[in-house]
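# Observations on chain architecture
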Amino acid sequence: MLAYIVRRLLLAVMTVWAISVLSFMIIHLPPGDYVTSYIASMSASGSAVSEGEAQALRQQLGLDQPITIQYLKWMGLMLQGNFGMAMEWGRPVSDVIGDRLTLTMVISVAAIIFTWGIALPIGIYSAVYPYSFLDYVFTFIGFIGLAIPGFLLALVVMYVGFAWFGANVGGLFSPDFAEAPWSLEKIWDLTKHLPIPAIVLGVAGTAQLIRIMRSNLLDELRKPYVMTARARGLSEYRVVMRYPVRVALNPFVSTIGYLLPYVVSGSIIVSLVLSLPTVGPLLLKALIAQDMFLAGTIILLLGVMTVIGTFISDLLLMWVDPRIRFGRE
Amino acid sequence: MQTSTKPLLSVRNLRTSFFQDEGTTKAVDGASFDVSPGKTLGIVGESGCGKSVTAQSILRIVDRPGRIVGGEILLTREDGSQTDLVKLEASGAEMRSIRGGDIGLVFQEPMTSFSPVHTIGAQLVEAVLLHNEVTPKEARRRGIEALRSVGIPKPERRIDEYSFELSGGLRQRAMIAVALSCDPRLLIADEPTTALDVTTQAQILDLLRKIQQERGMAVMLITHNLGVIAEMADDVVVMYLGRVVEQGSVDDIFHDPKHPYTKALLQSIPSIDSAPRVKLPTISGSIPHPFNRPPGCPFHPRCAAFIPGRCDAAEPALKAVGDGRQVSCFLYE
Ligand SMILES: Nc1ncnc2c1ncn2[C@@H]1O[C@H](COP(=O)(O)OP(=O)(O)O)[C@@H](O)[C@H]1O
Ligand SMILES: [Mg+2]
C-alpha cells in the first residue's frame, strides 16, 4: 500500500512537470508575444511604439532569449515561489492572483456543496422511487438545468434580481466592502453574496449528478446484497442508505479531483457576466494580452490543483473501497 | 404425517405477479404447500418456475414491480398462534422482526450476497444487534461463535475480512452464519450450492444437515437439482410455472411419482443403473415464459399423457391422493 502511494506521488510530480511544459507551450503557440499585442493595443489607442522601445521591452522581459531558456528561467523562478511579473499589470503575478484564487476556491466549493447537497438526495429519491411522479418532475427540471447555458441563467438571475427585488446581484461584495481589508463583516458580506453564483455555477452539474446517482443506485439496488440486507430484517431506510447508497457513492469520490478545476474553467463566462472577482476572467484577459507569466501561472495552478485533487481522490477511494485497497477490479 | 403437528409454515394459494409495461408475469400462480417443524422441505422445479419468488414472497421482500396478489402465508408463532404474513406491512416492525429473526435466508449467489464494501462482521453483527438486546461487544462475540459453528477456521480473524477475501465455500458458510445468527425456526436456502463446485457443494449440504439436526429447525431447500433433494429432503414440492404440481414424502416422489412432470424430471437424471453413453430422455419442448401461460394445465403442451379437450380446457386442482400426498393432474381425478 505504501508502495502504491509512493508510486502515485512520483506520478503526480511527473504530471505536474508535464503540465508546466504544456502550459508554457500553449502560451507560446499563438504568433507573436506580449510585446506584439502590447504594440497592437497601444497603436489602437493612438500612440505608436518605436522599434527600439519594443526591442528594449523584449530584452527587459527576457522575451528575446530562446524558448528553452525562457522556460528554464520561468521554472527557476517558480521553484523559488516567484511566479514572475504580470506584464500588463506591472505587479507580481502572486499579487494579482492572490485574493482572486482564494475567492475562486470559495465560490467553487460553495457551488460543489450546492451541487452535492441538492443532487445526491434527489438522485437517491429518484432511484428508490423510479418512474414516480416526483422522479419525472426532477428529471424534467434536471434536463432544463442541463440545457440552459450558465451565462444565460446568470443574466436571467441578474435581471430578476434587479427588476423584481431592486437588488444588484452581481459581484461578491457590497460596494462598501469591495476594497476593505478582511474582517468578520466582510466575510459575512461574502457569505450573503455566495448563494447566487453558487447556484448559477452549480445548476448544470446538479442535473448531471442527479442522473449519474440515479442510474448508479438503480444498478446497486438490483444486487443480491440488498435483498440479503432486507432479509436480515433491517428497516428499508437503513437497507438503502447503508448498503447500495454507500456503494453508489464510491465513484463520486474519484470525481472530487476534477471538480475544482472543472468549476473554475467552466465559470469564466458566468464570472464575466456576474462580475465575479475570480481567476477565470483574469485568465481570459491574460491569454488575450499574451501575458505569459500570468496565463502560464494560472494554467499551471489549475493543472496542479487537478493533480493534487486526483491524488487525494485516489487516497479517498482507497479508504472507502476495500476492493481497491486490496487490488481487486 | 403432516397432520400430527401443525405446520410451521403453511402457504395457501400464493399468487405473486410482476407488473411491467410489457405485461404481467405471474411468477407464482396459486402455490400451496406446508413446511413441518424440524423437517426439510425440498422445492424443486426448472429454473424460472417461481421458486425464488416464492421464497421472497414468504419473507415479503419481492422486488418492485412485483407484488403478492393473493393467498395466505401462515406462520405458526412460538406461542402457537398463526400469523398471515401476507396481511402484514412488508416494511413494518413485525415483519422485520420475523425476517432474520424467525426466518433466515441463504441466497444463491455467495459472490454478491455480501456488500463489497462492508466486512462480513459488519453485516453479521448488525443482524445480531437488530434481533437481540445485547451490547456490541457481546454481538461481536456471538458473531464469531456463529462463524465458528459453520466451520469457518480462525473466525476471530475472518470476521473482519471482506467477502471477496473468502473462497466461494467459505463465503456461503458465512452467509449461513448470518442467516443462523438469530436462531431462526425456519431457514430458507435458495439454491445454496448451485454456484459452488461439487466438493464444496457436498460440504455445504453436510453442514446444513448437521445444523438442522443440532437445532431442530425447519429448512426449506430450493434447488433444481433432484440429487440434492434425494440427499437432503424429508418432503418434496414439485413446482411448474408458478404452481405446485405434486407434493409428497421424498420416498413417494422418487419411487412412485404421480404427476407426468415429476416422472419426466426423474427420467432426465442419470442413475447408477442407466446404460452408459445413451442419451438421457429430456422433457420435450421448453418451459413457456410466464407471460403466455398455456390455458388449462400449464404442463399440457409438454405432457406425455395429455388428454385433449380436458387438460387444455381447465386447470386441475391440487388434490390429495393417499396419505400426505397431493397432485394436480386430471389423471388422478
Ligand atoms: N424482479 C423481477 N422482475 C420481473 N420479473 C421477475 C423478477 N424476478 C423474477 N421474475 C420472473 O418471475 C419468474 C420466476 O422467477 P424465479 O422465482 O426467479 O425462478 P426460479 O424458479 O428459477 O427461482 C421468472 O419468469 C422471472 O422472469
Ligand atoms: Mg431462483
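None of the values given here were measured: they were computed from a predicted structure. (Residues numbered from 1 in each chain as written. Chains lettered and ligands numbered in written order. Predicted model: local features only at pLDDT ≥ 70, side-chain atom pairs only at ≥ 80, totals over all residues. Heavy atoms only, no water.)

### Examining the overall build of chain A
A tally of regular secondary structure across chain A gives 18 helices and two strands. Dimensions of chain A along its principal axes, counting C-alpha atoms only, are 85 × 60 × 40 Å. Classification of the 329 residues of chain A by burial places 43% in the buried group. Long-range contacts, defined as pairs at least 24 residues apart, comprise 73% of the intrachain contacts of chain A with a sequence gap of at least 6. Accessible area of chain A: about 17,500 Å², with a carbon and sulfur share of 71%. Treating the 21 positive side-chain charges of chain A as one cloud and the 19 negative ones as another, the clouds have centres 16 Å apart. (Helix = DSSP H or I, 4+ residues; strand = E, 2+ residues; numbered from the N terminus. Buried < 20%, exposed > 50% of the residue type's maximum accessible area, 1.4 Å probe, protein only. Contact = heavy atoms within 4.5 Å. Areas by Shrake-Rupley, 256 points an atom, 1.4 Å probe, with all protein chains shown as cover. Lys, Arg positive; Asp, Glu negative; His and termini not counted. Charge placed at Lys NZ, Arg CZ, Asp CG, Glu CD.)

### Remarks on the site of ligand 1
Residue and element names in this part refer to chain B. Around ligand 1 sit twelve residues in total, of which Gly 48, Gly 50, Lys 51, Ser 52 and Val 53 are the nearest. Here Cys 49 contributes a backbone N or O atom positioned 3.2 Å from an oxygen atom of ligand 1. Separating an oxygen atom of ligand 1 from a backbone N or O atom of Lys 51 is a distance of 2.9 Å. For ligand 1, whose unbound accessible area comes to 560 Å², protein coverage reaches 72%. Looking at the shell around ligand 1, the elements that each hand over two or more residues are strand E1 (9–20) and helix H1 (51–59). Top contributing element to the shell around ligand 1 by residue count: H1, with three residues. (Near = heavy atom within 4 Å. Polar contact = N/O pair within 3.5 Å; in protein donor to acceptor, adjacent residues only side chain to side chain.)

### Focus: the confidence of the model for chain A
Mean pLDDT over chain A stands at 84; residues scoring 70 or higher make up 98%. Taken element by element, chain A is modelled with least confidence in helix H14 (residues 256–266) of chain A, mean pLDDT 73, and with most confidence in helix H12 (residues 236–242) of chain A, mean pLDDT 94. (pLDDT = per-residue confidence, 0-100.)

### Section: the pairing of strand E2 (residues 23–35) of chain B
Residues and elements named next belong to chain B. Burial analysis of E2 places ten of its 13 residues in the buried class, which makes it a mostly covered element. In this structure, E1 lies alongside E2, joined through ten bridges in antiparallel fashion. Paired with Leu 14 across the strands is Ala 31, a residue of E2. Between E1 and E2, which pair antiparallel one after the other, the connecting turn spans two residues. (Pairing = 2+ DSSP bridges.)

### Observations concerning the nonpolar core
What tends to happen in soluble globular proteins is that the nonpolar side chains get buried as a cluster. Trp74(A), Ile97(A), Leu172(A), Met292(A) and Leu294(A) are the most contacted members of the largest nonpolar core, which totals 52 residues. It is helix H17 (residues 292–320) of chain A that contributes the most residues to this core, nine residues altogether. What Trp74(A) contacts, discounting residues up to four positions off in sequence, is Ser20(A), Ser23(A), Phe24(A), Phe83(A), Phe293(A), Gly296(A), Thr297(A) and Leu300(A). Grouped together as the second largest cluster of nonpolar side chains are 39 residues, Phe33(B), Ala55(B), Leu75(B) and Phe107(B) included. (Core = buried A, V, L, I, M, F, W, Y, C linked by side-chain atoms within 4.5 Å.)

### Here we look at the pairing of E1(B)
Sheet topology places E1(B) next to strand E4 (residues 66–76) of chain B; eight bridges connect them, and they run antiparallel. In the sheet register, Val11(B) faces E4(B), and the bridge partner there is Ile73(B).

### Things to note about the interface of chain B and chain A
Of the residues lining the interface, 29 residues belong to chain B; the matching set on chain A comes to 25 residues. Of the roughly 2,500 Å² buried between chain B and chain A on both sides combined, carbon and sulfur atoms contribute 64%. Per-residue buried area on chain B facing chain A is highest for Val117(B), Glu126(B) and Phe164(B); these three make up 24% of the total on that side. For Glu126(B), the salt bridge is made with Arg232(A), and the minimal N-O distance between the two is 2.6 Å. Across the contact surface, chain B and chain A share twelve residue pairs in polar contact (both at pLDDT 80 or more). Within the residue set of the side of chain B that touches chain A, elements represented by two or more residues are H1, helix H3 (120–131) and helix H6 (168–180) of chain B. At six residues, the largest contribution of residues to the side of chain B that touches chain A is made by H3(B). Residue classes in the side of chain B that touches chain A are distributed as 14 nonpolar, eight polar and seven charged. (Buried area = accessible area lost by both parts, 1.4 Å probe. Salt bridge = Lys/Arg side-chain N within 4 Å of Asp/Glu carboxyl O. Nonpolar A, V, L, I, M, F, W, Y, C, P; charged D, E, K, R; others polar.)

### Some details on the environment of Ala179(B)
Residues and elements named next belong to chain B. Assignment of secondary structure puts Ala 179 in helix H6. For Ala 179, a relative accessible area of 5% puts it in the buried group. Expressed as a C-alpha distance, the spacing of Ala 179 and Met 232, which sit 53 residues apart in the sequence, is 19 Å. Other than its neighbours up to four places away in sequence, Ala 179 contacts Gly 104, Leu 105, Val 106, Pro 184 and Leu 187.

### As for helix H5 (residues 93–128) of chain A
A rise of 1.5 Å per residue sets the reference length of H5(A), with its 36 residues, at 52 Å; its end C-alpha atoms lie 50 Å apart and thus fit the reference within 8%. The principal kink in H5(A), of about 30°, is found at Asp99(A). (Expected span 1.5 Å × (residues − 1). Bend = angle between axes of the 7 residues up to and from the residue.)

### Concerning the packing of H3(B) against helix H4 (residues 136–149) of chain B
Residue and element names in this part refer to chain B. In contact at an axis separation of 9 Å, H3 and H4 are set at 115° when each is read in the N-to-C sense. One way to sum up the angle between H3 and H4 is to call them roughly perpendicular. By crossing handedness, the relation of H3 to H4 is classed as right-handed. From H3, Ile 120, Leu 124, Val 125, Val 128 and Leu 129 reach across to H4, where they touch Pro 136, Ala 139, Arg 140, Arg 142, Gly 143 and Leu 147. Along the lines of polarity and charge, the residues of the contact of H3 with H4 split into eight nonpolar, one polar and two charged. (Axes fitted to C-alpha atoms, helices over the stretch in contact; angles between N-to-C directions. Parallel < 35°, antiparallel > 145°, perpendicular 65-115°, else oblique. Left-handed = near helix turned anticlockwise from the far one by under 90°.)

### As for helix H9 (residues 184–193) of chain A
All names here are of chain A. Listing the buried residues of H9 in full gives Lys 186, Asp 189, Leu 190 and His 193. End-on view of H9: buried residues confined to an arc of 100°, all on one side of the axis. Seen from the open side of H9, the exposed residues pointing more than 90 degrees away from its buried face are Leu 184, Trp 188 and Lys 192. Against H5, helix H8 (175–178) and helix H10 (195–221) lie the buried residues of H9. (Arc of directions from axis to C-beta.)

### Considerations on the confidence of the model for chain B
Atomic detail in the predicted coordinates should be set aside for any region of low pLDDT. Summing up the model confidence of chain B, the mean pLDDT is 89 and the portion of residues at 70 or higher is 95%. Both scores are available for the predicted complex, with the pTM at 0.83 and the ipTM at 0.88.

### Some details on the pattern of salt bridges
All names here are of chain B. Taken as a whole, this structure holds 32 salt bridges over all chains when the rule is applied. With a closest N to O distance of 3.2 Å, Lys 87 and Asp 84 form a salt bridge. Measuring nitrogen to oxygen at the nearest pair gives 2.4 Å for the salt bridge that ties Glu 246 to Arg 325. Of this pair, Glu 246 sits in strand E10 (residues 243–249) while Arg 325 sits in the loop between strand E11 (319–320) and strand E12 (326–327); the two residues are 79 residues apart in sequence, bridging distant segments of the chain.

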